[in-house]
Structure formats: structure tokens, C-alpha cells
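# Examination of the molecular architecture
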Amino acid sequence: MPPSQKSSAVPVLPAVLCAVLAALSLLCAPTATAEPPSRMGPQVVDAADVLSGADESRVLDAVDRLYREHQVKLWVIYVRDFASMAPRDWAARTSELSGFSDRDLLLAVAVDDRGYWLNGTLPTEVSDGELDSLLAGTVEPALRDRKWAQAGVDTADGIGAAMRGAGGPWGWLLGIGLVVVAGAGALILFSRKRRRDADRAELGTARGLDPADSAGLAKLSLPTLHALSRERLVEIDDAVRTSEEELALATSEFGETAVTPFRTALDAARAATAKAFTIRQQLDDALPETPDQQRALLVELLSTAGKADRELDAQVTDFDAMRDLLIDAPARLDGLTRDIVDLTARQPASDAELARLRSAYPATVLAPVADNVRMATERIRFAEHNIDTARAALAQPVGQQGGAVAAIRGAEAAIGQARTLLDAVDQAATNIQQARDGLPAALDELRTDLTAAAGLTEFGGPELAAAVTAATATTDRAAAAADTDPLGAFHDAVSADAELDRAIAAASDRKLAVEDLRRRLERALTDADARVAAASSFITTRRGGVDAEARTRLAEAQRHLAEARGLDATAPDRALTSAQTAAELGGRALQQAQASVRAWEQRQPVAGGGSQAGAILGGILLDGFLRGSIGGATRGGGGGFGGGYRPGSYGGSSGSRRVSRGGRF
């Protein structure tokens, strides 16, 4: 019973009894209890009773405005404490109980614990840098000053401002003024700018569309569909490559059986990605499509890439649970340190091998591996830094060790790429030697076919004459280049021999003997293997600077190479054609990838770039705009990476846009 209701009894009781009753009333008075996670009802909940009626209306207006303008629903809850739970876990559990979707964000504030957490999926229009600036520069200061309502309003308005962009009406007024002053010429420039702005705005909207929404995608303009398709191809190709690296590590740790569902998902994603690249190749080839045909192909490409993303993202939670890097983390770090020691010991031999190759062959032959040792050194330094970062994080109290996860992943990826880079130097010598060993037989075969063609001149017509001329020139050129460029000479000899064989077959109305065809096919497959492997290694270890065109050519080369191997036993003539096509596309992929990397390097602020720049180029650190950066102790975050970059992990390109950030204020 409250003391106010007992006051009438005080005059008739002794003073001692009055004091006892007063003490009992204080002991029995209700106290604030912990607020466990529960399903959100209203969009703004003040369980801590810190908002006035006007304050609650301000927060409601802000979250309503965010939803009206951007269809993003922000939920805000104020509680006394997080019920002895970690802020991240409390917010995640509340979101789960509330059935939130990818368009929902939750801001949870514990006023007595002085902690907060923002949980949900970050809109694609908001960069990680913008979110960090909003939380650290605006929201946390308001919470520290106990401006509870202002913190909720600032969160909603800050997200809305980031999604709108920094532009305002003054730019348009200035543009109109320039049109008036400059006349017709300025009007043209303004119109072009507005078109570019509209295209950028449409592309920003398109990035948020569900890849399964074919109707929504079909409404986009063709330039936007083309631009979006190239972005998605780069993203999903990076996701598949990173997932392959992560899965290889998981397989070595847990065995093939344990990773079966993840390998199945990766195989399905890889198949969908290959199909998407095939569509892009069809759009890029010399045969034009009508606008309607282009639109249909682009929608199919985006839907296919989205399917690949979903295949990977569906397994992320289970994969992360299996590969909890905090379990036995010290032993894992010790193993990574031993790997660094082994790789460091390999460097002098690889450097010496590269020097030997440089003294024997021109720069063009060694271009794919010329800087591999230097890049391996950068990856090793990057891995050492992350191992130190992980050990420092593990020294923190339990619950504050999340930074070790990203650091371990970054170290693992860097060590894997360093090993690949050094292996490629060793393999280069093997490939060159295989070409040197196979070149004499290829030239002998070419000379034999030239002798056979001489007796068929009257039957061969222009096709045979052209093939003989090309084969004769190739024989002389390849023989001269045998010592300086055996790979190129071998490729030219094999290609010229295949063309001459076809011309002889047409002139003599006979098929190539199975044995001859088998030998030619074996050489063609060797050639294609080397060229596709060189392009794949180059793109994998420099994927941060490789665009969609090179990846498309490589995907097509890999498809033709797989087709050649599939037809090897049943249709060797078709397999030979596929192998030659794979070799040609592999060479084009490498050339385009090299050009793309050179352009990327020219855009960097400092030449060389150091270990972090090397990690960005290698795709170990991913641009937060393309795949997001989670930060803190969540999947893909932490580790001391700057500039909106973070290490990749198993999963699709869109799965890591989950936001899980917060802290103390």
C-alpha cells in the first residue's frame, strides 16, 4: 500500500509502528526490472520511461518520414538495461522475435547500462563510412548527453539523408542560372548532366531491387540494366572465388563430409554464375541483339546472378557456426604463423627462379607472374599484421574479442594468395618446359602436313592455299621463337596445324585419323589449360582491380575447356574446336585483366600501395559499397581495416550488408 494511503492511520498509531510501516512500504515498493528481448509492438517503445509525450511524437515523426520517403522501417526501443545480455545479442533476439525483414532496422538503447546497438540490413544507398560517421558523430554524443529522443530522430534523419545523397535544390537553381547565361550550349551540357544524374539515381534504385523481381527489372532503362549487370557479375564472381577459398580451408579442417552442403551450394552458385557470364558474353559478341532481346537477356542475367547469391547466402549461418574462428583461435594463429614461416622460406627460391626466367625469356612471356614474388611479400606482411591484431583482440575480455574473427580471416586469405602467387612462379617454369618439349613434335607435324598439302593444291582451292601460307609463316616464326617465347610459339604451331588439318580434310574428303586427331587434341588441351590457368590465377590474385569483361572472357574460356574435356571421348573433332576456343578466350581474358589492373593501379593515390593496397587488389579486402562492411564483432567486420574495406567471407555478394553496430556511450 503506498504511503499516501496510510497517512490517515498515522495519528492513531505509535510513532515506532509508523516508522516500521514506512520502512516496509519502501521495501515493498516496485523496482525497475530488466527488460528481456520481446516482440516489438509500436514502432517506438519507451520501456525506460525517459520520453515525454512531445519527445515520443518527434521520434515517431522521424521514423514515419524515413518510411514514407525511402520505405525503410526504423524501430526504436528504450530500456533500462539489456538484461545482462550483450547489446548485440539483445538487439538480434528482439529483431528475430519481431519477425523483421531486410527493410527493418532496430535501434536499441539501454539508458542505465549506457549501451546501444543498431541491428538490421543496411540499405545499399548508405555506405559504411556514412553509417560510422552518423553513429560516432551524431547519435553517440546525443546519448551521452541523455538526449534520448534526439538520438532516435538523428538516426532516422541521418539514414534518410544518406539515402537521398548530399545534393540539394541549390544545384538545380545554379544549373538553371547557367542555362540562362550560357544559352543553348549550356542547355545541352545541363541536359546531359541531368541525364547522368537520372541514370545514377536509377542505378541506385536498381541496386535495391530484388533480383527475382523480373517485372521491376524489366522497367529499367537498357543503360542501367547493362551497368547493373556488370556490377552484379563482379560481385558474384568475387563472392564465388572468396567462398571457394573459405571452403577449401573448412574442408582441410573438418573433412569433405562435413562441408557437403556448402560445397553443393557453391557448385550451384558456380553453375548459375557461369550461366550469367555466358549471357554477358552473348551480349558482348559481334552479333547485335534488338533492344527487346537485350532487355530479356539482361533480366535473365540478373535473375541468374541473384540465384547464385541466394544459393550461397542460404548457407552462411550454418557455415559461420561450423567455422567459428574464436574456437581454438590461439592454435589456429600458431598454425598461420607456421605457414608464414614456410612461405617466407620459399621466397628466395621463387625470386631466384623468376630471375632465371627473366634472363632467359622476354618480359611479355613472364608478364603474368613478373610481380608475383613482390605481391607474395605484401600478402605475407598483411597476414603478419592481422595475426598480431588477432592476438591483441584475443587478449580482451570475453565478449570483446570479435575483432579476432576478421583478422584471422584476413590472415588466412592473404596466406592462401601468397602461396598461390609463389606456386604460379614455379608452375610458369613447368608450363614453359612443357611447351619447349612439345614444340619440336608440333613443328614436325606441321611440316608433315605441309608436305601432304603440296599434293592437294589443285583440290584445295583458296582455303588450302591460305592455310598453307599461314602454316609456312608460322613454322618459320615458331622455330625462331622456340628459345625466347616457347609458350607463344607452341600456341601458334598448334593453332596453325589445326587450321591446316581442316583445309587438308576438306580438300581430300577424308577425316583426320583418330590417332592424329588425338595428338592434336592433347596439345590443344595442354595449350588451353596453361592459358586458362594463367588467366584464372592472375584474376584471382588481382580481382580487386579486374572488371566484368575480363571475367566474362575467362568464364567463357573455362566453359569451352570443360566442354572440350566432356567431348574428348565421343567427339574429338568438336573437342578440338572447343579447346582452341578456350585457349583464345583465355589469352584475351588475361590481356583484358592486365589492362584492367594497370588502369586500377593508375587510379591509386600512391604508387605500389603497400600491403593493404595489395590486399584490396587481391580481393582480400572488399569495397564496403559493393559487398558491405559489418564492423565490430560481426561477420566480416573489425580487424583494423580502414577506408570502407573488409575481408571477404563465405557467402553471396549481398549477404554481408547486415548491420550490427553499437557500443557504449
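- As recorded by an unreviewed UniProt entry, the protein chain carries the name TLP18.3/Psb32/MOLO-1 phosphatase superfamily protein and is attributed to Nocardia neocaledoniensis.

### What about the pairing of strand 2 (residues 73–79)?
- For strand 2, the tally of buried residues reaches six of seven residues, placing the bulk of the element in the interior.
- Bridge count between strand 1 (residues 44–46) and strand 2: three bridges; the pairing is parallel. Each residue of the ladder has a partner; that of V45, found in strand 2, is I77.
- Tracing the backbone out of strand 1, into helix 3 (residues 53–70) and back to the parallel element strand 2 gives a crossover that is left-handed.
- Two strands pair when backbone bridges link them, and strand 2 and strand 3 (residues 104–110) are joined in this way by seven bridges, in the parallel orientation. Within strand 3, the residue paired with W75 across the bridge is L106.
- Remark: the strand 2/helix 4 (residues 87–98)/strand 3 crossover connection has right-handed handedness.

### Some thoughts on the packing of helix 21 (residues 548–567) against helix 22 (residues 572–603)
- The contact between helix 21 and helix 22 brings their axes to 7 Å, and the two run at 160 degrees. Here helix 21 lies roughly antiparallel to helix 22, going by the angle between them. For the pair helix 21 and helix 22, the crossing hand works out as left-handed.
- Taken together, the residues of the contact of helix 21 with helix 22 break down into 13 nonpolar, five polar and six charged.

### Brief notes about the nonpolar core
- Ranked by size, the top nonpolar core spans 76 residues in total, and within it L333, L336 and L357 carry the most contacts.
- When residues in this core are grouped by element, the largest group, 18 residues, is from helix 17 (residues 403–454).
- Structurally, this core is a two-domain feature, drawing no fewer than three residues from each of domain 2 (222–437) and domain 3 (456–602).
- Setting aside anything within four residues of it in sequence, one finds L336 in contact with I387, I408, A411, E412 and I415.
- By size, the runner-up hydrophobic cluster in this structure holds 34 residues, among which are V59, V76, A142 and A149.

### Focus on the packing of aromatic side chains
- Applying the stated criterion to the full structure yields three aromatic pairs.
- Ring centres 4.9 Å apart and planes at 25 degrees place the aromatic pair W75 and F100 in the stacked group. Of the two residues, W75 sits in strand 2 while F100 sits in the loop between helix 4 and strand 3, which places them 25 residues apart along the sequence.
- Residue class for W75 comes out buried when judged on its relative accessible area of 12%.
- Among the residues examined, F100 registers a relative accessible area of 19% and is labelled buried.
- Centre to centre, the rings of F262 and F319 are 5.2 Å apart; their planes meet at 90 degrees, and the pair counts as edge-to-face. Placement of the pair is F262 in helix 11 (residues 260–284) and F319 in helix 13 (residues 316–322), with a sequence separation of 57 residues. Per residue, the accessibility class of F262 equals that of F319, and both read buried.
- Here K73 stacks its cationic end above the ring of Y67, 5.5 Å away from the centre of that ring.

Basis of the calculations
- Residues numbered from 1 in each chain as written.
- Predicted model: local features only at pLDDT ≥ 70, side-chain atom pairs only at ≥ 80, totals over all residues.
- Heavy atoms only, no water.
- Buried < 20%, exposed > 50% of the residue type's maximum accessible area, 1.4 Å probe, protein only.
- Helix = DSSP H or I, 4+ residues; strand = E, 2+ residues; numbered from the N terminus.
- Pairing = 2+ DSSP bridges.
- Right-handed = clockwise from strand over helix to strand, strands pointing away.
- Axes fitted to C-alpha atoms, helices over the stretch in contact; angles between N-to-C directions.
- Parallel < 35°, antiparallel > 145°, perpendicular 65-115°, else oblique.
- Left-handed = near helix turned anticlockwise from the far one by under 90°.
- Nonpolar A, V, L, I, M, F, W, Y, C, P; charged D, E, K, R; others polar.
- Core = buried A, V, L, I, M, F, W, Y, C linked by side-chain atoms within 4.5 Å.
- Domains from an automatic or database assignment.
- Contact = heavy atoms within 4.5 Å.
- Phe/Tyr/Trp six-rings, centres within 6.5 Å; stacked < 30°, edge-to-face > 60°.
- Lys NZ or Arg CZ within 6 Å of the ring centre and 35° of its normal.

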